[in-house]
Amino acid sequence: MAGRAQIPTRNSALIAMIADEDTVTGFLLAGVGNVDIRRKTNYLIVDNKTTVKQIEDTFKEFTNRDDIAIVLISQYVANMIRFLVDSYNKPVPAILEIPSKDHPYDPAHDSVLSRVKYLFSTESVASDRR
Amino acid sequence: MAEIVSDQLQRASLDETKVKNEDEEEEECILQFLDSLDAYLTLVNSLSSSLREGWFDLASARQSMGHTRISSKLFDHKVHSASTTINITELDADNPSDPKPQFSLSKWATTKENPSSEVPNNSNLRHRVPIGVLDDGEKSNGTQVSSVVSNDIQKERSKSLTIFGGLVSPKLRTAQVSFETALDKIVEIANARSSMLSSFSQLQLNKKSSS
């Protein structure tokens, strides 16, 4: 496909998080927290005061950083910026939608599964058979 | 005349073999796609379980330690590097049009950047000499190295816990383990995603070339 870049081998890349407080707390306990020289963190805690603009800006920032390998985003947060998440198509960083305490994972909303689901639609199967 | 017919038959046979090979490749690609899709869904389900355990333990720790002691206000905002990071390699470097990144987890690297302190996710320690041939001195040296590594890892783990105070609830330690397990699954999900998208794009290319 046009515009696909080669993936450079990268060591010590970060895991970024856009999720609720408990999820971020848990992953920080597991050692993924990073604060760089500019005092920028690799996580955003989403609560009822977080605006959609903040989430969008953080998502764009994380997906444009070279030092991030995986972006974890709670699925209910991804639903707030669904257009942005679905239009993202770079291989790295990988965007993974994860469940949250109050919102279980729904495969119907997952952006990766939405991209590939047309392979299973009856329309595509029927048109191939004609 | 006979030569022309034989030539035509040969070409038809070659075409048939070519189509057969293409069909086999496509079937293999479809199988790979379905396998990675199945792995992706299974792993996400498993991740949900690990996360639920982690949230439950965190809630238990919060109840025993108090809400103010486990809060995002206590997070360390001083400059520090992540102890657990990801290594990325490209699986099929010969095919730049179809990138397939491979992710691996590196847990609890120390700040001293001692390579022997890092624990790769598969924990395969390399031995230059088969274990049975090592003499007692070398065996005890190997044991000392692995105990130094596990001490360093324990130090890093404890450092993560100390942001919530010196004495923490055992539930907080259990929550830490649950989220570490969740990280392992996340890396596997990332690899399954990569494989799925790679085989999906291959199928799309095959479809375009055949239509």
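An unreviewed UniProt entry annotates chain B as Vacuolar ATPase assembly protein VMA22 originating from Rhynchospora breviuscula.

By the naming in an unreviewed UniProt entry, chain A is V-type proton ATPase subunit F, taken from Rhynchospora breviuscula. As its UniProt record puts it under Subunit (unreviewed entry), chain A is described as follows: "V-ATPase is a heteromultimeric enzyme made up of two complexes: the ATP-hydrolytic V1 complex and the proton translocation V0 complex." In its Sequence similarities (unreviewed entry) section, UniProt records this for chain A: "Belongs to the V-ATPase F subunit family."

Draft legend 1. Structural detail: helix 1 (residues 21-29) of chain A. Residues and elements named next belong to chain A. The buried count for helix 1 comes to eight of nine residues, which makes it a mostly enclosed element. Three or more residues of helix 1 are buried, namely Asp-22, Thr-23, Val-24, Thr-25, Gly-26, Phe-27, Leu-28 and Leu-29. Its side-chain oxygen placed 3.3 Å from the backbone nitrogen of Asp-22, Asp-20 serves as the N-cap of helix 1. The first or second residue beyond helix 1 is Gly-31, which carries a positive phi of 95 degrees.

Draft legend 2. Molecular detail of the environment of Asn45(B). Relative to the assigned elements, Asn45(B) resides in helix 1 (residues 2-65). Counting along the chain gives 140 residues from Asn45(B) to Lys185(B), while the straight-line C-alpha distance between them is 10.0 Å.

Draft legend 3. Spotlight on the pairing of strand 4 (residues 94-98) of chain A. Residues and elements named next belong to chain A. In terms of burial, strand 4 is largely enclosed, as five of its five residues are buried. Along strand 4, one buried face is formed by Ala-94, Leu-96 and Ile-98 and the opposite face, lined by Ile-95 and Glu-97, is buried too. Strand direction decides the pairing type here: strand 3 (residues 68-74) and strand 4, joined by five bridges, are parallel. Residue Val-71 lies in a different strand from strand 4, and its bridge partner there is Ile-95.

Draft legend 4. View of the packing of helix 1 of chain A against helix 1 of chain B. Interaxial distance between helix 1 of chain A and helix 1 of chain B falls to 10 Å at its minimum, and their mutual angle equals 95 degrees. Classified by the interaxial angle, the pair formed by helix 1 of chain A and helix 1 of chain B is roughly perpendicular. Touching Glu21(A), Asp22(A), Thr23(A), Thr25(A), Gly26(A), Phe27(A) and Leu29(A) of helix 1 of chain A are Leu51(B), Trp55(B), Leu58(B) and Arg62(B), all from helix 1 of chain B. When its residues are assigned to classes, the contact of helix 1 of chain A with helix 1 of chain B shows five nonpolar, three polar and three charged.

Scoring rules and cut-offs
Residues numbered from 1 in each chain as written. Chains lettered and ligands numbered in written order. Predicted model: local features only at pLDDT ≥ 70, side-chain atom pairs only at ≥ 80, totals over all residues. Heavy atoms only, no water. UniProt positions renumbered as here; feature names shortened; annotations may be inferred. Buried < 20%, exposed > 50% of the residue type's maximum accessible area, 1.4 Å probe, protein only. Helix = DSSP H or I, 4+ residues; strand = E, 2+ residues; numbered from the N terminus. Polar contact = N/O pair within 3.5 Å; in protein donor to acceptor, adjacent residues only side chain to side chain. Pairing = 2+ DSSP bridges. Axes fitted to C-alpha atoms, helices over the stretch in contact; angles between N-to-C directions. Parallel < 35°, antiparallel > 145°, perpendicular 65-115°, else oblique. Contact = heavy atoms within 4.5 Å. Nonpolar A, V, L, I, M, F, W, Y, C, P; charged D, E, K, R; others polar.

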